[in-house]
Amino acid sequence: MKLSRPVSWFLLAFGVWSWVIWITFVKNLVKDGSGLAFDDGRPTAYFWVHLLLAVVSFVLGTVIGAIGLRGLRALRRTS
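Residues numbered from 1 in each chain as written. Predicted model: local features only at pLDDT ≥ 70, side-chain atom pairs only at ≥ 80, totals over all residues. Heavy atoms only, no water.

I would appreciate a short explanation of the packing of helix H1 (residues 5-30) against helix H2 (residues 45-78) in the present structure.
Between two packed helices, both the angle of their axes relative to each other and the distance between the axes serve to describe the pair. Two elements in contact, H1 and H2, have axes separated by 7 Å at closest approach and are oriented at 155°. It follows from the interaxial angle that H1 and H2 lie roughly antiparallel. Crossing hand, H1 versus H2: left-handed. Split into classes, the residues belonging to the contact of H1 with H2 amount to 22 nonpolar, 10 polar and 1 charged. (Axes fitted to C-alpha atoms, helices over the stretch in contact; angles between N-to-C directions. Helix = DSSP H or I, 4+ residues; strand = E, 2+ residues; numbered from the N terminus. Parallel < 35°, antiparallel > 145°, perpendicular 65-115°, else oblique. Left-handed = near helix turned anticlockwise from the far one by under 90°. Nonpolar A, V, L, I, M, F, W, Y, C, P; charged D, E, K, R; others polar.)

In structure tokens:
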């Protein structure tokens, strides 16, 4: 399957955006002072669930971004 240039750029941008958003979220999760993420210094279920969501999003963002990058490289070779 051949990706168009706009689709490839979109996928690459989505991958980068996913990393930016979720890194910010994880930083805020670790610094949480409301008691949701940590109870007496120990991680809560809320923390683990949201950390799992972040890890899955990192993986998906990486895969989607890599697909976009490969699409752009393939277009460069054929040009």
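Next comes the rest of the write-up.
Looking at this structure, how should I read the packing of aromatic side chains?
Any pair of aromatic rings gets described here by the distance separating the centres and the angle formed by the planes. Using the criterion set out here, one finds 4 aromatic pairs in the structure. Between Phe-47 and Trp-48, the aromatic rings sit 5.1 Å apart at their centres with planes inclined by 80°, giving edge-to-face as the arrangement. For Phe-47, a relative accessible area of 9% translates into the label buried. Ring-pair connections join several aromatic residues into one group, and the members of that group are Phe-38, Phe-47 and Trp-48. (Phe/Tyr/Trp six-rings, centres within 6.5 Å; stacked < 30°, edge-to-face > 60°. Buried < 20%, exposed > 50% of the residue type's maximum accessible area, 1.4 Å probe, protein only.)

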